[in-house]
Amino acid sequence: IIRGRVRIFVIGEDGRELSMRILGPGEIVGEMALFENLPRSASVISLEETHTLELDQEALLRCLRRCPALALSLLQALSARLRHTTEEAEGLASQPVPERLLKRLQTLANGSGVRIHDGIRIALPMTQQELATLVGTSRESINRALVRLRQQGLIRTEGGWIILLD
């Protein structure tokens, strides 16, 4: 991804969407299909105007054979992605919705936050349903979690934006 942000998601057997991750500039998408020769395991949708580069499988394999340092860098990136996915799965299984939501909001703020006078505004406006797909829960649970986080003084909402408070 050169510019912009995308959301990676899967559709469950029950037809519900589950967002896996939001990726931005410098991050890689679609790499699994390059190495496995299998259909893509997830779908991607852009959240804003996005510019990407595409790399052909044969071109990538040639580069990796010629440049072991590139292969090592790619392995490190894939390992970091796997570690992140493992941590996310653990969080989904063990944390209550408000804590999962706060953690996801902190991740979003780190990737697309804008510092304002009393905190960090998440620069991607998101509906409660979109937040629900990122946290792996229902829109109603997100609504209750947002109320709880506001009551605890951890966030505020303003014109559709979520602000993580200092």
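Residues numbered from 1 in each chain as written. Predicted model: local features only at pLDDT ≥ 70, side-chain atom pairs only at ≥ 80, totals over all residues. Heavy atoms only, no water.

Novice: Would you mind going over the packing of helix α5 (residues 128–135) against helix α6 (residues 139–151) in detail, with residue names and values included?
Specialist: At a minimum axis distance of 8 Å, the contact between α5 and α6 shows a crossing angle of 100°. Considered as vectors, α5 and α6 are oriented roughly perpendicular to each other. Across from Gln-128, Gln-129, Leu-131, Ala-132 and Val-135 in α5, the residues of α6 making contact are Arg-139, Ile-142, Asn-143 and Leu-146. Among the residues making up the contact of α5 with α6, the classes are represented as 5 nonpolar, 3 polar and 1 charged. (Axes fitted to C-alpha atoms, helices over the stretch in contact; angles between N-to-C directions. Helix = DSSP H or I, 4+ residues; strand = E, 2+ residues; numbered from the N terminus. Parallel < 35°, antiparallel > 145°, perpendicular 65-115°, else oblique. Contact = heavy atoms within 4.5 Å. Nonpolar A, V, L, I, M, F, W, Y, C, P; charged D, E, K, R; others polar.)

Novice: Describe α6, with residues and values.
Specialist: The end-to-end C-alpha distance of α6 is 18 Å, a good match for the 18 Å that 13 residues give at a rise of 1.5 Å each. Along α6, the residues classified as buried are Ser-141, Ile-142, Ala-145, Leu-146 and Leu-149. Looking straight down α6, one finds that the buried residues subtend no more than 135° of arc, so they occupy a single side. Facing away from the buried surface of α6 by more than 90 degrees, the exposed residues are Arg-144 and Gln-151. Of the surrounding elements, those touching the buried residues of α6 are α4 (97–112), α5, β6 (155–158) and β7 (161–165). Just downstream of α6, Gly-153 is the residue with a positive phi angle, here 75°. (Expected span 1.5 Å × (residues − 1). Buried < 20%, exposed > 50% of the residue type's maximum accessible area, 1.4 Å probe, protein only. Arc of directions from axis to C-beta.)

Novice: For the sheet that holds strand β1 (residues 6–11), give the residues involved together with the corresponding values.
Specialist: Strand order in the open sheet made by the 3 strands is β2-β1-β3, with antiparallel pairing throughout. Looking at the sheet topology across the chains shown, the edges are occupied by β2 (17–23) and β3 (43–46). If you compare each strand with its neighbour and ignore which way they point, the axes differ by 30° on average. Sheet topology places β1 next to β3; 4 bridges connect them, and they run antiparallel. Looking across to β3, one finds that Arg-7 is bridged to Ile-45. Packing of α5 onto the sheet brings it into contact with β1 and β2, and relative to β2 it is tilted by some 85°. (Pairing = 2+ DSSP bridges.)

Novice: An account of empty space enclosed by the protein is needed here, citing residue identities and associated values.
Specialist: Tallying each qualifying case throughout the model produces 2 cavities of 30 Å³ or more. There is about 40 Å³ of room inside the second largest cavity. Lining the second largest cavity, in full, are Leu-105, Leu-108, Ile-122, Leu-124, Pro-125, Met-126, Leu-131, Gly-160, Trp-161 and Ile-162. Mapped by element, the contributors of at least two residues to the lining of the second largest cavity are α4 and β7. Each residue belonging to the lining of the second largest cavity can be placed in one class, and the counts come to 9 nonpolar, 1 polar and no charged. (1 Å grid on protein atoms, 1.4 Å probe; cavity = no way out; pocket = protein on both sides within 12 Å on 5 of 7 lines; lining within 4 Å. Points joined across faces, edges and corners; volume = space filled by probe spheres on them.)

Novice: Tell me about the pattern of salt bridges, and please be specific about residues and values.
Specialist: Summed over the entire model, instances satisfying the criterion amount to 8 salt bridges. Among the salt bridges present, the one from Glu-158 reaches Arg-156, with a minimum N-O distance of 2.3 Å. The network of salt bridges with common partners includes Asp-118, Arg-156 and Glu-158. (Salt bridge = Lys/Arg side-chain N within 4 Å of Asp/Glu carboxyl O.)

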